[in-house]
Amino acid sequence: MKKALLVVDYTVDFVAEDGLLTCGLPGQKLEQAITALTKQFLAQGDAVFFINDLHEKDDTLHPESKLFPPHNIRGTKGRNMYGELHSLYEANPEIIWLDKTRYSAFAGTNLFLLLRERGIEELHIVGVCTDICILHTCVDAYNLGYPTIVHKAGVASFNEQAHEFALAHIQNSLGFTII
Ligand code: ZN
């Protein structure tokens, strides 16, 4: 079965101590697990996607402008992958980088087309935040009929309660596997 790893929003702004919308230590603790999974998928010849928020400076029309401080602004280092994932991306041109402007990795991107082209039948999802971009990506994967595995060691949120709710929803209402 062909599978793909989706690493969602594991960027400096969402994870680093000085990130503009950081989930802090819970996010930083994922670095090893996400790095290991990425290396494993690359070694197996499986598809790896790094799918990250892209926002424009002073974009008052974007719905997130009323909800969150500015983050992942085009051309800033906040959009770089966090930690070892940054050098891993630079060293592996086969990693596919996608920009997204909404919570879900599918919203307004060509992710679905790229998955179809590659005959991907199973998704593995990691990144932040569990209750926002991971959850919304999972809902779209569910609606598209993708069997999906969420790696518990690879997801986190700034809100522990919301993290737990999201994992339970993903497992119990979407029927996805949490490992
Ligand atoms: Zn955003």
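Residues numbered from 1 in each chain as written. Predicted model: local features only at pLDDT ≥ 70, side-chain atom pairs only at ≥ 80, totals over all residues. Heavy atoms only, no water.

Chemist: What is the right way to look at empty space enclosed by the protein in this model?
Modeler: In this approach, a probe sized like a water molecule rolls over the atoms, and the result shows the empty space that is left. Enumeration according to the criterion identifies one cavity of 30 Å³ or more in this entry. The computed volume of the largest cavity comes to approximately 90 Å³. Lining the largest cavity are F14, L21, D53, E64, F68, H71, Y103, C129, I132, C133 and F158. Here the lining of the largest cavity is built from residues that sort into eight nonpolar, one polar and two charged. (1 Å grid on protein atoms, 1.4 Å probe; cavity = no way out; pocket = protein on both sides within 12 Å on 5 of 7 lines; lining within 4 Å. Points joined across faces, edges and corners; volume = space filled by probe spheres on them. Nonpolar A, V, L, I, M, F, W, Y, C, P; charged D, E, K, R; others polar.)

Chemist: Sorry if this is basic, but what is going on with the packing of helix α3 (residues 31-44) against helix α4 (residues 84-91) here?
Modeler: Between α3 and α4, whose axes approach to 9 Å, the crossing angle comes to 20°. Classified by the interaxial angle, the pair formed by α3 and α4 is roughly parallel. Viewed along their axes, α3 and α4 form a crossing whose handedness is left-handed. Where α3 approaches α4, its residues E31, I34, T35, T38 and K39 are matched on the opposing element by E84, L85 and L88. When its residues are assigned to classes, the contact of α3 with α4 shows three nonpolar, two polar and three charged. (Axes fitted to C-alpha atoms, helices over the stretch in contact; angles between N-to-C directions. Helix = DSSP H or I, 4+ residues; strand = E, 2+ residues; numbered from the N terminus. Parallel < 35°, antiparallel > 145°, perpendicular 65-115°, else oblique. Left-handed = near helix turned anticlockwise from the far one by under 90°. Contact = heavy atoms within 4.5 Å.)

Chemist: Explanation requested: the coordination of the zinc ion in the structure shown.
Modeler: Each donor-metal-donor angle would ideally measure 109.5 degrees in four-coordinate tetrahedral geometry, or 90 or 180 degrees in six-coordinate octahedral geometry. For the zinc ion, the protein coordination sphere consists of D53 (OD), H55 (NE2), E64 (OE) and H71 (NE2), at 1.9 to 2.1 Å. Every donor counted, the four donor atoms about the zinc ion form angles of 93 to 162° at the centre, which fits irregular coordination. In the primary sequence, the donor residues of the zinc ion line up as D-x1-H-x8-E-x6-H. In this pair, D53 sits in strand β2 (residues 47-53) while H71 sits in the loop between β2 and α4, placing the two residues 18 residues apart along the sequence. Each member of the pair, D53 together with H71, is buried. (Donors = N, O, S within 2.8 Å, 3.2 Å for Na, K, Ca; no water. Tetrahedral: all angles 85-135°; square planar, octahedral: opposite > 155°, others 65-115°. Buried < 20%, exposed > 50% of the residue type's maximum accessible area, 1.4 Å probe, protein only.)

Chemist: Can you help me understand the pairing of strand β1 (residues 3-8) in this one?
Modeler: Consecutive side chains along a regular strand alternate between the two faces of the sheet. Most of β1 is tucked away, with six of its six residues classed as buried. Burial along β1 is two-sided: K3, L5 and V7 and A4, L6 and V8, pointing in opposite directions, are all buried.

Chemist: Honestly, α3 in this entry has me stumped. Any pointers?
Modeler: Turn by turn, an α-helix covers 3.6 residues, leaving residues three or four places apart pointing in a common direction. An ideal rise of 1.5 Å per residue puts 20 Å on 14 residues; α3 measures up with 20 Å between its terminal C-alpha atoms. Residues of α3 that are buried: I34, T35, L37, T38, F41 and L42. Viewed end-on, α3 has its buried residues packed into an arc of 165°, placing them on one side of the element. Exposed and oriented more than 90 degrees from the buried face of α3 are Q32 and A43. In this fold, the buried residues of α3 make contact with β1, β2, α4, β4 (122-128) and β5 (148-156). (Expected span 1.5 Å × (residues − 1). Arc of directions from axis to C-beta.)

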